[in-house]
Every structure is written in C-alpha cells, then in structure tokens.
Amino acid sequence: MSHELDPLPYDYDALEPHISEQVLTWHHDTHHQGYVNGLNSAEETLAENREEGDYGSTASALGNVSHNGSGHYLHHLFWNNMSPNGGGEPAGALAARIQEDFGSYEGWKGEFEAAASAAGGWALLVYDPVSKQLRNLKVDKHDQGALWSAHPILALDVWEHSYYHDYGPARGEFIENFFEVVDWDDVADNYEHVVEKFE
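Calculation rules
- Residues numbered from 1 in each chain as written.
- Predicted model: local features only at pLDDT ≥ 70, side-chain atom pairs only at ≥ 80, totals over all residues.
- Heavy atoms only, no water.
- Helix = DSSP H or I, 4+ residues; strand = E, 2+ residues; numbered from the N terminus.
- Rg over C-alpha atoms; globule rule 2.2 N^0.38 Å.
- Buried < 20%, exposed > 50% of the residue type's maximum accessible area, 1.4 Å probe, protein only.
- Salt bridge = Lys/Arg side-chain N within 4 Å of Asp/Glu carboxyl O.
- Phe/Tyr/Trp six-rings, centres within 6.5 Å; stacked < 30°, edge-to-face > 60°.
- Lys NZ or Arg CZ within 6 Å of the ring centre and 35° of its normal.
- Core = buried A, V, L, I, M, F, W, Y, C linked by side-chain atoms within 4.5 Å.
- Contact = heavy atoms within 4.5 Å.
- Pairing = 2+ DSSP bridges.
- Axes fitted to C-alpha atoms, helices over the stretch in contact; angles between N-to-C directions.
- Expected span 1.5 Å × (residues − 1).
- Bend = angle between axes of the 7 residues up to and from the residue.
- Left-handed = near helix turned anticlockwise from the far one by under 90°.
- Nonpolar A, V, L, I, M, F, W, Y, C, P; charged D, E, K, R; others polar.

Visitor: Tell me about the overall build of the chain, and please be specific about residues and values.
Guide: On a plain count of helices and strands, the chain comes out with 7 helices and 3 strands. Shown N-terminal to C-terminal, the secondary structure of the chain runs as helices and strands in the order α-α-α-α-β-β-β-α-α-α. Its C-alpha atoms give the chain a radius of gyration of 18 Å, within 12% of the compact-globule value 16 Å for 199 residues. In terms of overall dimensions, the chain has a C-alpha envelope of 55 × 40 × 30 Å along the principal axes. Counting every position in the chain, which comprises 199 residues, the buried fraction comes to 44%.

Visitor: So what's going on with the pattern of salt bridges? Residues and values would help.
Guide: Under the defined criterion, the tally for this structure stands at 4 salt bridges. Note that aspartate 101 and arginine 97 form a salt bridge whose closest N and O atoms lie 3.1 Å from each other. Placement of the pair is aspartate 101 and arginine 97 together in helix 3 (residues 92–102), with a separation of 4 residues, close to one helical turn. On the accessibility criterion, aspartate 101 (23% relative accessible area) is partly exposed. Judged by its relative accessible area of 8%, arginine 97 falls in the buried class. With a shortest N-O distance of 3.3 Å, lysine 138 and aspartate 140 are connected by a salt bridge. Accessibility expressed as a relative area gives 37% for lysine 138, which makes it partly exposed. A relative accessible area of 25% places aspartate 140 in the partly exposed class. A single salt-bridge network, built from bridges that share partners, covers Arg97, Asp101 and Glu199.

Visitor: How would you sum up the packing of aromatic side chains? Please name residues and give values.
Guide: For any two aromatic rings, the description comes down to two numbers: the centre-to-centre distance and the angle of the planes. Counting across every chain of the model gives 13 aromatic pairs. Ring geometry for phenylalanine 78 against tryptophan 79: centres 5.2 Å apart, planes inclined by 40°, an arrangement best described as tilted. Classification of phenylalanine 78 by relative accessible area gives buried; the value is 2%. Through successive ring pairs, a cluster of aromatic residues spans Phe78, Trp79, Tyr105, Trp108, Phe112, Trp122, Phe178, Phe179 and Trp184. Looking at lysine 109, its charged tip hangs above the ring of phenylalanine 179, at a distance of 4.6 Å from the centre.

Visitor: Provide a residue-level description of the nonpolar core, including the pertinent values.
Guide: Formed by 49 residues in total, the largest nonpolar core has its most connected members in Met82, Leu94, Trp108, Phe112, Leu134, Leu154 and Leu156. In this structure, leucine 154 is in contact with Leu77, Asn81, Trp108, Phe112, Ala123, Leu124, Leu125, Phe178, Val182, Trp184 and Val187, ignoring residues within four places of it in sequence.

Visitor: Please set out the sheet that holds strand 3 (residues 151–157) residue by residue, giving values where relevant.
Guide: What the 3 strands build is an open sheet, ordered 2-1-3; its pairing is antiparallel. If you trace the sheet from one side to the other, it starts and ends with strand 2 (133–140) and strand 3, each paired once. When strand polarity is set aside, the average angle formed by the axes of neighbouring strands in this sheet is 20°. Bridging between strand 1 (residues 121–128) and strand 3 involves 6 bridges; their strand directions are antiparallel. Looking across to strand 3, one finds that valine 126 is bridged to proline 152.

Visitor: I'd love a proper account of helix 1 (residues 21–52), names of residues and values included.
Guide: The terminal C-alpha atoms of helix 1 lie 45 Å apart, and with 32 residues this matches the ideal 46 Å at 1.5 Å per residue to within 8%. The axis of helix 1 is deflected most strongly, by about 30°, at histidine 27. Where helix 1 terminates, the next one or two residues include glycine 53, which has phi positive at roughly 70°.

Visitor: With reference to specific residues and values, describe the packing of helix 1 against helix 2 (residues 58–80).
Guide: Two elements in contact, helix 1 and helix 2, have axes whose closest approach is 8 Å; the angle formed by their N-to-C orientations is 145°. In terms of crossing hand, the pair formed by helix 1 and helix 2 is left-handed. Grouping the amino acids of the contact of helix 1 with helix 2 by side-chain chemistry returns 12 nonpolar, 16 polar and 1 charged.

By themselves these figures say nothing about function.
Below, the structure is given as structure tokens:
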C-alpha cells in the first residue's frame with residue numbers, strides 16, 4: 001500500500017491571519033509530505049526484509065512506521081480540524097460530553113492549552129473507548145505519550161514548524177489563535193463516529 005498526501009481542504013491562505021500562507025505551504029507540502037515519504041519507505045523496507053528473510057534493519061523500519069505513520073495520520077486530522085469558518089465553541093452532543101467529562105468547556109480548554117504548552121509534538125483530544133470518556137493527551141514527537149486504543153478527534157500541532165515563522169517563541173499566542181479556526185463540526189463528526197462504534 002502506497003500512502004499519498006491529500007491536498008488541503010482549503011486554500012493555503014484561507015486561515016490567515018491566524019496561520020499564514022507561507023506556514024501552511026511549508027507545513028503541508030514539505031513537512032507532511034516528508035512523513036508520507038518516510039512511511040512509504042519504511043513499509044517498503046519491511047516488505048523487502050520479509051521477502052529476503054533478512055531482518056537486520058527491521059527494528060529501525062518499525063520505529064519509522066510508528067513515527068512517520070503517526071505524523072501522517074495526525075497531520076491529516078489537524079488539517080481537517082481547521083476551517084476558515086471555524087471558531088466559537090462546540091455544540092450539541094460534543095459540548096454535552098465535554099461538560100460531562102471535564103466539568104465545563106473552560107475546564108477542558110484550560111487542560112488542553114496546558115497540554116499544548118508543554119508538549120514536544122501534539123495536544124490531542126481523544127475518545128478513550130476503554131473508560132468511555134474524552135481525554136486530553138500531551139504527545140511528544142508523534143507517538144510518545146499516546147494512549148493505546150484512544151481515538152484522536154482534535155489535534156493541535158505544536159512542533160515549531162507549525163508556528164515559529166508566524167509567532168516566533170510565543171507558542172501561547174499560536175495556541176490561542178488556533179481556537180479561532182477550529183472546525184467544531186468536524187470535531188463533532190469525529191466524536192459521533194467513534195461513539196457510534198464503541199458505545
């Protein structure tokens with residue numbers, strides 16, 4: 001299976017002034033493409049190793065599948081979680097679940113922002129089907145700090161390439177502006193999909 005980079009669901013300048021055209025171009029076309037290429041290369045190596053019965057490079061390739069695969073999947077989620085018509089707060093079943101699991105929208109948001117401020121990769125809102133609740137996660141790189149079986153429904157990339165050109169070291173300002181472009185309809189769709197599957 002060969003993985004491909006999907007185009008952005010909006011124009012490169014659509015999220016300005018919150019995220020610049022330049023950052024989206026670099027981030028999508030260079031960084032995300034790099035994870036797609038890395039995933040394809042790792043899977044090719046694994047297939048060759050199995051065919052040849054030589055597993056000397058297998059452990060490294062498996063690590064590259066985890067790193068690049070997680071980078072690819074989370075970036076795909078990140079792009080779709082945003083919209084030029086985003087912002088505001090969640091509504092409906094998602095809003096009710098956030099209230100139930102975090103006490104309030106403000107309680108959830110404060111915890112999510114803390115995760116984003118401290119992470120060396122991603123802040124994620126996930127649905128945990130084991131405990132049947134929403135959780136925030138602080139993930140370093142793309143796969144360190146993940147929770148087995150959890151399904152991300154909202155992703156915020158806080159690697160420096162996602163904000164430094166626009167905000168410099170002011171990561172908190174980038175995090176604040178992310179909420180101006182969050183597409184809560186997409187997040188709600190992700191939530192409803194996993195709840196239908198597991199509850």
